[in-house]
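Structural overview
Listed below are the residues making up each chain.
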Amino acid sequence: MGKNLVEKIIAGHLVYGNLVPGDEIGISIDQTLTQDATGTMAYLQLEAMDIPKVKTEISVSYIDHNTIQIGFENADDHRYLQSVAQKFGVVLSRAGNGICHQVHLERFGKPGKTLIGSDSHTPTCGALGMIAIGAGGLDVAQAMAGEAFYLACPKVVKINLTGKLKPWVSAKDIILKVLEIFTTKGNVSTIFEYGGEGANILTVPERATITNMGAECGVTTSIFPSDEMTRLFLTSQKREHDFTPLCADKDAEYARTVDIDLSEIQPMTAKPHSPENIGTVKSMKEIIVDQVCLGSCTNSSYKDLATVAMVLKGKVVHPNVSFILAPGSRQVLDNLARDGYLADLISAGARLMENACGFCIGNSQSPKSGAVSLRTSNRNFLGRSGTMDADVYLVSPETAAAAVITGRFTDPRDLGIEYPHVTNPAKLIIDDRMIIRPDAAFASTPVFRGPNIGAPPQNSSLPDIIYGPATIKLGDMITTDHIIPAGARMKYRSNISKYSEFVFENVDASFAKRAVQIKETGKHNIIIAGLSYGQGSSREHAALCPMYLGVRAVIAKSFERIHAANLINFGILPLTFSTPGDYDKIDQQDELEIIAVRKEISDGDDLIVLNKTKGTSFQVTCQLSARQKQIVLAGGALNVRN
Ligand code: MIC
Ligand code: SF4
């Protein structure tokens, strides 16, 4: 029997376990990436590991998230990252050079390699035929230290693309279709492998839009074959030497195959407040639009932005629309400027932001109250834009362009103009001067530390009895944005005691205070949640800050992969209801007690939770590998090392 592409790459990197779906495997990691909002913690953890230099083929540190810099904190973090990169032999992409995923795709990703990154959209580089996975900062630090990355061996689902996209329909509409089919839930430990005639004709940037937003389905990663399109892209990047052809064997097997006919896809949108609320643009009935945001790591390619420029050429932004442009990289911006497209966008009224995350993470350009905002980014979680009552819709660049002109949700096919077919330029301006490569004197570099930068807190070992209230009871699909907001609060990423004050801020603003009071009485805090707890971002702060507040267990109907790994890394038990209906029998504030915790965890047995308030009990499971048991018993991965 032949192998699929995922099996081929994973088999070539396997250092622990067997390729049996669901079993824990360890893979060696060739490349890592970090970004500033998660990177500071990752490098603090790397420093604690006491190694002289990173052991990967290449590790890149990007500064792209916290670039607004209100107050000294972010600028201090940037200088810390620059100095620590020098010390450990890490490449640094400076603020202004672009968003990590776009720049990594352009300058560093290589077919056949493995990449982990402390950002959930790391799978973007799967567009180059590599296994690229999002992870918590601690896992990335361990990979930089030369250790394996552990994950549940994924099952591989083939997405077979047939046909050809119609004019005005683009890669974003394909991934929104995929989200309609697969939703954001139930895809843990799955990899989407794309193939088929339809996949062959998609360019690498188009593939990258699709692999980027596979993260919203909750899959481990997504991957395309490395083929002629990959060679063309790498050649345009003056990296033809990085090209290797890679594809699945003809008789490869998959857990499931799903066919999507590209010619049938229409312009799509994800409606508020989840990327799984999919509808067609036509069905939006021309809702009035207040803001349009173009760019982010999802739709920032030359073609994406040039297409919008061509649609807007000679026109002006509708009077009621604020049109924001955040290009994904300095390379894209340089080339748009050379070819005149930037001038077209600016003269149409675009408000040009930095080449950074900006609007997407909600640290700028929050829309007006009650606004309808159309964005080409990848997440529309409640409040993520910085405006709690805004309605954010995710759309393609083409649909975004149409709304910029009409001020309404408009199917771009109804604009009555010919589709501007943009071809990627044969020669791109490639300028890596904003990338700092570590020099030979790296080891002697002093590390700069601002006053906001504190050492990562450590947990105590797992107690034998977990006792305390259900401090908060939450519903389904709680994202890490719900757990610890980003946006204006992100400047405290290096200061855990301060950042912890904002845990669940947008869900229950009293949570942090209540949790501290409970911790001070010597009890533990327990979180109760529904399905798919911890969707979205990879931020380990969503585990680290609750840990700091004394949370010892989360009991949920199900967990998302990266967040579950982060909980384990910081010594919080991810417990799953054996009978999902037991969720309904708990109220917030009920006093809970879990006994013989250490023994049951060591033995791999289910645990019994006593509800002392109701006088009832229920069973929970905690499926951990031997390695994970060791980590939670010690109270977190850092304790295992020490
Ligand atoms: C996001 O898109 O939510 C982020 C901000 O890029 C996060 C990382 C973070 O929280 O710093 C992610 O996707 O992992
Ligand atoms: Fe940045 Fe948004 Fe991409 Fe996250 S999803 S890396 S915040 S652009």
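Just so you know, these numbers come straight off a predicted model, no measurement behind them.

Considering helix H13 (residues 397-406)
For an α-helix, the turn length of 3.6 residues means that residues three or four places apart are oriented alike. In terms of burial, H13 is a largely internal element, eight of the 10 residues being buried. Listed as buried for H13 are Pro 397, Glu 398, Thr 399, Ala 400, Ala 401, Ala 402, Ala 403 and Val 404. Its buried side turned inward, H13 meets strand S15 (291-295), helix H10 (302-312), strand S16 (322-326) and strand S18 (372-375). Within two residues after H13, Gly 407 carries a phi angle of roughly 75°, on the positive side.

Quick notes on the packing of aromatic side chains
Aromatic ring pairs are described here by two measures, namely the spacing of the ring centres and the angle between the planes. Per the stated rule, a full pass over the model turns up 11 aromatic pairs. Aromatic pair Tyr 393 and Phe 409: ring centres 5.1 Å apart, planes at 80°, arrangement edge-to-face. Of this pair, Tyr 393 sits in strand S19 (residues 391-394) while Phe 409 is found in the loop between H13 and strand S20 (435-436), placing the two residues 16 residues apart along the sequence. The same class applies to Tyr 393 as to Phe 409, namely buried. For the pair Phe 504 and Phe 511, a centre-to-centre distance of 4.9 Å together with 85° between the ring planes defines the contact as edge-to-face. According to the relative accessible area criterion, Phe 504 is buried, its value standing at 0%. What links up through ring pairs into an aromatic cluster is the set Phe 577, Tyr 583 and Phe 618. Of note, Lys 87 hangs over the ring of Phe 88, and the distance from its end group to the ring centre comes to 5.7 Å.

Comments concerning the site of ligand 1
Neighbouring residues of ligand 1: 14 residues in total, closest Asp 119, Ser 120, Arg 493, Ser 538 and Arg 539. Separating an oxygen atom of ligand 1 from a side-chain N or O atom of Arg 539 is a distance of 2.6 Å. Coverage of ligand 1 by the protein amounts to 97% of the 330 Å² it exposes when considered alone. A breakdown of the residues in the shell around ligand 1 according to their chemical character gives two nonpolar, seven polar and five charged.

Notes on the sheet that holds strand S7 (residues 131-134)
The mixed open sheet is built from six strands, whose spatial order is S7-S6-S3-S4-S5-S20. The open sheet is flanked by S7 and S20, the only strands paired with a single partner. Here strand S4 (residues 58-62) pairs with strand S5 (residues 91-93) via three bridges, running parallel. If you follow Tyr 62 over to S5, its bridge partner there is Ser 93. Contacts from helix H5 (residues 137-144) reach strand S3 (31-35), S4 and strand S6 (114-117) within the one sheet, and its direction differs from that of S3 by about 140°.

Let's talk about the pairing of strand S2 (residues 24-27)
Burial along S2 is two-sided: Glu 24 and Gly 26 and Ile 25 and Ile 27, pointing in opposite directions, are all buried. Where strand S1 (residues 14-16) and S2 come together, two bridges link them in antiparallel fashion. Each bridged residue has a counterpart across the sheet, and for Tyr 16 the counterpart in S2 is Gly 26. Relative to strand S8 (residues 149-152), S2 runs antiparallel, the two sharing four bridges. From the neighbouring strand, Ile 27 faces S8, where its bridge partner is Phe 149.

Brief notes about the site of ligand 2
By nearness alone, every residue bordering ligand 2 is listed as His 65, Ile 99, His 101, Asp 119, His 121, Ser 296, Cys 297, Cys 357, Cys 360, Ile 361, Asn 378 and Arg 384. Tallied by class, residues from the shell around ligand 2 come to five nonpolar, five polar and two charged.

Re the pattern of salt bridges
Tallied over the full model, the rule gives 33 salt bridges. A salt bridge links Asp 508 to Arg 514, with the nearest nitrogen and oxygen atoms 2.4 Å apart. The class of Asp 508 is buried, set by a relative accessible area of 18%. Residue Arg 514 is classed as buried on the basis of its relative accessible area of 15%. A single network of salt bridges, built from pairs that share partners, joins Lys 282, Asp 411, Arg 413 and Asp 414.

Looking at the packing of helix H8 (residues 204-217) against helix H9 (residues 228-236)
At a minimum axis separation of 9 Å, H8 and H9 run at an interaxial angle of 110°. With respect to H9, the axis of H8 lies roughly perpendicular. Taking contact as the criterion, the partners of Val 204, Pro 205 and Arg 207 in H8 are, on H9, Met 229, Thr 230 and Phe 233.

A few points about the side chain of Thr 34
Assignment of secondary structure puts Thr 34 in strand S3. Take Thr 34: its relative accessible area is 0%, and that puts it in the buried class. In contact with Thr 34, not counting residues within four places along its chain, are Gly 39, Ala 42, Tyr 43, Val 60, Ser 61, Tyr 62, Ser 118, Val 140 and Met 144.

With respect to the environment of Thr 479
Structurally, Thr 479 is set in the loop between strand S21 (466-473) and helix H14 (480-483). Sequence separation between Thr 479 and Ser 532 is 53 residues, and the spatial gap between their C-alpha atoms is 8.4 Å. Excluding residues within four positions of it along the chain, Thr 479 makes contact with Phe 381 and Gln 535.

Considering the packing of helix H6 (residues 171-182) against H8
Running from N to C, H6 and H8 point in directions that differ by 25°, and their axes come no closer than 8 Å. Judged on the interaxial angle alone, H8 and H6 are roughly parallel. Between H6 and H8 lies a crossing whose hand is right-handed. Packed against H6, whose contacting residues are Ala 171, Lys 172, Ile 174, Ile 175, Leu 176, Val 178, Leu 179 and Phe 182, the element H8 presents Glu 206, Thr 209, Ile 210, Met 213, Gly 214, Glu 216 and Cys 217 at the interface. Split by residue class, the contact of H6 with H8 holds 10 nonpolar, two polar and three charged.

Here's the deal with the nonpolar core
Of all hydrophobic cores here, the largest spans 106 residues; its most connected members are Leu 46, Phe 504, Tyr 533, Leu 573 and Ile 601. Leu 46 has contacts with Ile 51, Val 54, Phe 88, Ala 141, Met 144 and Ala 145, leaving out every residue within four places of it along the chain. Counting residues in each nonpolar core, the second largest holds 38 residues, with Tyr 302, Tyr 341, Ala 403 and Val 404 among its members.

With respect to helix H11 (residues 330-338)
Those residues of H11 lying buried are Arg 330, Gln 331, Val 332, Leu 333, Asn 335 and Leu 336. Residues of H11 that are buried make contact with helix H4 (100-107), H10, helix H12 (341-348) and strand S17 (351-352). Once H11 ends, the next one or two residues include Gly 340, with phi positive near 90°.

Conventions adopted
Residues numbered from 1 in each chain as written. Chains lettered and ligands numbered in written order. Predicted model: local features only at pLDDT ≥ 70, side-chain atom pairs only at ≥ 80, totals over all residues. Heavy atoms only, no water. Buried < 20%, exposed > 50% of the residue type's maximum accessible area, 1.4 Å probe, protein only. Helix = DSSP H or I, 4+ residues; strand = E, 2+ residues; numbered from the N terminus. Contact = heavy atoms within 4.5 Å. Phe/Tyr/Trp six-rings, centres within 6.5 Å; stacked < 30°, edge-to-face > 60°. Lys NZ or Arg CZ within 6 Å of the ring centre and 35° of its normal. Near = heavy atom within 4 Å. Polar contact = N/O pair within 3.5 Å; in protein donor to acceptor, adjacent residues only side chain to side chain. Areas by Shrake-Rupley, 256 points an atom, 1.4 Å probe, with all protein chains shown as cover. Nonpolar A, V, L, I, M, F, W, Y, C, P; charged D, E, K, R; others polar. Pairing = 2+ DSSP bridges. Axes fitted to C-alpha atoms, helices over the stretch in contact; angles between N-to-C directions. Salt bridge = Lys/Arg side-chain N within 4 Å of Asp/Glu carboxyl O. Parallel < 35°, antiparallel > 145°, perpendicular 65-115°, else oblique. Left-handed = near helix turned anticlockwise from the far one by under 90°. Core = buried A, V, L, I, M, F, W, Y, C linked by side-chain atoms within 4.5 Å.

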